[in-house]
Amino acid sequence: ARQFFEYAKFDPAQPVANDQTYRQLIHQVISIDPRHRVPGSKKVVIPGYADLRTFSQAQEHLLQAECGGAWQSYFQRGHWRMIMPFSRRHQQHMVDKLIAALKQNHPPVVHLVRFPQLTINHAMVLFDVTETEKEILFSVYDPNKPKTPSRLTYDRATRTFSFPYNDYFPGGRVDVYEVYRNLVY
């Protein structure tokens, strides 16, 4: 989702293209290293659709085929980071980086974990933030629940993140780190 946000622009004024064209365009978008920025003039134009949501509804089979299977998202090189301890200081530093990225209109991809428990091991895209005196509330795109935004909450006093109950997670504290941040993860 973030790669399409960063590297594609949708043009509904152009006619809908054929499968082979979309296959090539999807491949172009996902081939760009997610750690890099691309100027607007170099973005890949996706004809016939207004946005990623309408494109993915109409071309779901192509996106699934070209973007890879679940095993590819599960075995990413940055997942090694989850085995290292997460201090409250690290989580405070992370929340500052996430807010800064959102202010620059650069939606971060985050990994939510509870290692060594495996109650959650999931990546999401942050797209908005609201700050209060007690909390920082992130709106997130959850690929498991794509129809409505989810909420990731950071408690300023305890310096902890929490994610609500849903059908794949019992809810509660999570540790968070940004992926595609640098060469290491």
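The sections below set out a description of the structure shown in this document. (Residues numbered from 1 in each chain as written. Predicted model: local features only at pLDDT ≥ 70, side-chain atom pairs only at ≥ 80, totals over all residues. Heavy atoms only, no water.)

Section: the overall build of the protein
We count it as follows: Starting at the N terminus, helices and strands are each numbered in turn, a helix being any DSSP run of H or I of at least four residues and a strand any DSSP run of E of at least two. Exposure classes here rest on a 1.4 Å probe applied to the protein chains alone. A residue is buried below 20% of its type maximum, exposed above 50%, and partly exposed in between. What makes two residues a contact is simply this: any of their non-hydrogen atoms within 4.5 Å. For the area figures, the Shrake-Rupley method with a 1.4 Å probe applies, and any residue is considered shielded solely by the protein chains shown.
For the protein, the helix and strand inventory stands at six helices and eight strands. The buried share of the protein, taken over its 185 residues, is 39%. Within the protein, contacts between residues separated by at least 24 positions form 61% of all contacts whose residues are at least 6 apart in sequence. Of the roughly 10,500 Å² of accessible surface on the protein, 54% is carried by carbon and sulfur atoms.

Some words on the side chain of Q59
Looking at where Q59 falls in the secondary structure, it is placed in the loop between α3 (52-58) and α4 (60-67). Setting aside anything within four residues of it in sequence, one finds Q59 in contact with D19, Y22 and Y49.

What to know about unusual backbone geometry
In this structure, N105 is a non-glycine residue whose phi angle is positive, near 60°. Within the element layout of this structure, N105 appears in the loop between α6 (88-103) and β3 (109-114). Of the residues examined, N105 reaches a relative accessible area of 52% and is grouped as exposed. Unlike most non-glycine residues, R159 shows phi in positive territory, near 55°. By secondary structure assignment, the location of R159 is in the loop between β6 (150-155) and β7 (160-163).

Describing the packing of helix α2 (residues 19-31) against α4
Short version of the rule: The convention used is that axes are lines fitted to C-alpha atoms, helices contributing only their stretch in contact, and that angles between N-to-C directions extend from 0 to 180 degrees. For this classification, under 35 degrees means roughly parallel, over 145 means roughly antiparallel, 65 to 115 means roughly perpendicular, and everything else is oblique. Whether a crossing is left-handed or right-handed is set by the direction in which the near helix is turned from the far one by less than a right angle, anticlockwise for left-handed and clockwise for right-handed. All residues other than Ala, Val, Leu, Ile, Met, Phe, Trp, Tyr, Cys, Pro, Asp, Glu, Lys and Arg, Gly among them, are scored as polar; the first ten of these are nonpolar and the last four charged.
Where α2 contacts α4, the axes come no closer than 10 Å and their chain directions differ by 45°. Taken together, α2 and α4 sit at an angle that is classed as oblique. Our pair here, α2 against α4, has a crossing hand that is right-handed. Of the residues in α4, those touching α2 at D19, Y22, R23, I26, H27 and I30 are H61, L62, L63, A65, E66 and C67. Residue composition of the contact of α2 with α4, by class: seven nonpolar, two polar and three charged.

Re the pattern of salt bridges
Let me state the cut-off plainly: Between Lys or Arg on one side and Asp or Glu on the other, a salt bridge is scored when a side-chain nitrogen of the former is within 4 Å of a carboxyl oxygen of the latter.
Inspection of the entire model under this criterion finds five salt bridges. A salt bridge links E66 to R23; its shortest N-O distance comes to 3.0 Å. Taken as a pair, E66 in helix α4 and R23 in helix α2 lie far apart in primary sequence, 43 residues in all. Judged by its relative accessible area of 22%, E66 falls in the partly exposed class.

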